[in-house]
Amino acid sequence: MHSGGSRPGRRSNRRPLPTGFGSLWFTVVLDLVGFGVALPILPLWAKDLGSSGATIGLLLASYSLAQLIGAPFLGRLSDRIGRRPLLVLALVGSTVGHVVTGLAGSVTVLILARVLDGFSGASISVAYAAVADIAEPRERPRLFGLLGAGFAVGFVVGPALGGLAALGGHRLPFFVAGALCGINALTAWWRLPETNPHGKSVAPKRSSIRETVAALTRWDDVARLLLVALLAGLAFSGFEATFALTGDARVGMTEATAGLVFAVLGIVLAVVQGGMVHTVLTRWGERSVLRVALALLAVGAALLIPNGGWALLVLGTLVLVVGQGLVSPSVSSGLAATADPARRGATFGLNQSTGALARLVGPVVAAWLFDSSGTGAPFVWCLVIAVLAMLATSAVRTPAPVEAKTPVVTHG
């Protein structure tokens, strides 16, 4: 491909983003924006409605519980009827969920709205499957890295948007999130192409719980990658749940400071996944990058075990977050390369379910360890889980790095 006066080199061979990728990216971002909008506001709103601590916990857990159930279902269904109708329907569901949340006058309605939003948010698995459909092997690391960066952007923008909109009351942020999802649903309807047009003819005709269990117990490379993702998710979600508590106990970190730190961490994740991931995955391959990423997770957790003041707190957190930033795109790229094309939706649905399960279990275990054994105990848990995940990667077999198989030819 001739590029006029462009300089010879690898950059001249970077292809434009595939058609429809922008809509898929915004689907992921807006889902995370909606999640981020709700997270800091819902507990306070539920408290104002007279909820107990246990009820607030159920309210927050309902979203992940719905994703745990909904992701494999929507993923398998997209293998049969196509990605586009599922994504549009899920975006409409998220729109309704946000609006109902904004209109809610009781905790029961809040929980029902969160269940609807969580089930619809499981569409992320369909978005990932759609990207796997349209991505050539050489472009997978780049595209999955950009999707990962979209997660980070959503985590940064969501709480900030929620905080600003909350100046108009508890309800306004959810109306704003609903409007964004509605606009994205219309955009996807008009602009998103169907990436799996032959789904009805190639996908399994029946999908069941037994098929899901069989996929996990088959112990192939897909199941191994899902195990690594689950373990890494347990470690990182435990860190997320106890970081602010640890910072408060050790250095007197305020809520505002914790919020700023998480915003900075979101930016770090976006930089790692939007830039670094493509380079390291194409050079080293998924398994090698996973090993490095999990080693960074372990080192970061180890640095956070002792009370070393701000220095160790900041250093350990940065190392841990960079490691996590490499894990998710590596797993996604590996799944895209190893999964049966007829079951991509189901595979990414299971991947999203493992993330939801990790976000349910990890914070509970880490918070219990924090209360019972002190500030360092949750990070001992993170360290052990990260090491187990690193050992699990030894059984993972993924394709060789693309650059090793297909040398880059440049044209000046």
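Structure's up top.
Now for a description of the structure that goes with this document.

**A closer look at the packing of aromatic side chains**
Then step 1. Applying the stated criterion across every chain, the model contains seven aromatic pairs.
Then step 2. A centroid spacing of 5.9 Å and a plane angle of 35° characterise the contact between Y128 and F348, whose relative ring orientation is tilted. One end of the pair, Y128, is in helix 5 (residues 124-134); the other, F348, is in helix 14 (residues 344-373), with 220 residues separating them in the sequence.
Then step 3. We classify Y128 as buried; its relative accessible area is 6%.
Then step 4. Plain terms: the ring middles of F239 and F243 are 5.4 Å apart, the flat faces sit at 55° to each other, and that makes the pair tilted. Placement of both F239 and F243 in helix 10 (residues 221-251) is noted, with a separation of four residues, approximately one turn of the helix.
Then step 5. Connected via pairs of aromatic rings, a cluster forms that spans Y128, F144 and F348.
Then step 6. In this arrangement the basic side chain of R84 is found over the ring face of W189, its NZ or CZ atom lying 4.5 Å from the centre.

**Some words on the side chain of R83**
Then step 1. Position of R83 among the secondary structure elements: in helix 3 (residues 83-103).
Then step 2. Within the structure, R83 has its side chain in polar contact with the side chain of S78 (distance 2.8 Å).
Then step 3. Leaving out residues up to four positions away in the same chain, R83 has contacts with G75, S78, V126, A129, A130, D133, E194, T195, N196, P341, R344 and G345.

**Some words on the nonpolar core**
Then step 1. Residues F144, F239, V327 and F348 are the most contacted members of the largest nonpolar core, which totals 78 residues.
Then step 2. By residue number, the principal contributor to this core is helix 10, which donates 13 residues.
Then step 3. When neighbours within four sequence positions are excluded, F348 is seen to be in contact with S125, Y128, A129, A132, F144, S332, L335 and A336.
Then step 4. Membership of the second largest hydrophobic core comes to twelve residues, among which are A38, I41, I56 and I111.

**Considering the pattern of salt bridges**
Then step 1. Per the counting criterion, the structure on display carries seven salt bridges.
Then step 2. The partner of E139 in a salt bridge is R142, and the shortest N-O contact between them spans 2.9 Å.
Then step 3. Of the residues examined, R142 reaches a relative accessible area of 12% and is grouped as buried.
Then step 4. Each of D79, R83, D133 and R344 takes part in salt bridges that share partners, so that together they form one network.

**Thoughts on empty space enclosed by the protein**
Then step 1. Applying the stated rule across the entire model yields three cavities of 30 Å³ or more.
Then step 2. Estimated volume of the largest cavity: approximately 50 Å³.
Then step 3. Along its surface, the largest cavity is lined by T27, L30, D31, L91, S94, S120, G121, S123 and C181.
Then step 4. Those elements that place two or more of their residues in the lining of the largest cavity are helix 1 (21-48), helix 3 and helix 4 (107-121).

The rules behind each value
Residues numbered from 1 in each chain as written. Predicted model: local features only at pLDDT ≥ 70, side-chain atom pairs only at ≥ 80, totals over all residues. Heavy atoms only, no water. Phe/Tyr/Trp six-rings, centres within 6.5 Å; stacked < 30°, edge-to-face > 60°. Helix = DSSP H or I, 4+ residues; strand = E, 2+ residues; numbered from the N terminus. Buried < 20%, exposed > 50% of the residue type's maximum accessible area, 1.4 Å probe, protein only. Lys NZ or Arg CZ within 6 Å of the ring centre and 35° of its normal. Polar contact = N/O pair within 3.5 Å; in protein donor to acceptor, adjacent residues only side chain to side chain. Contact = heavy atoms within 4.5 Å. Core = buried A, V, L, I, M, F, W, Y, C linked by side-chain atoms within 4.5 Å. Salt bridge = Lys/Arg side-chain N within 4 Å of Asp/Glu carboxyl O. 1 Å grid on protein atoms, 1.4 Å probe; cavity = no way out; pocket = protein on both sides within 12 Å on 5 of 7 lines; lining within 4 Å. Points joined across faces, edges and corners; volume = space filled by probe spheres on them.

By themselves these figures say nothing about function.
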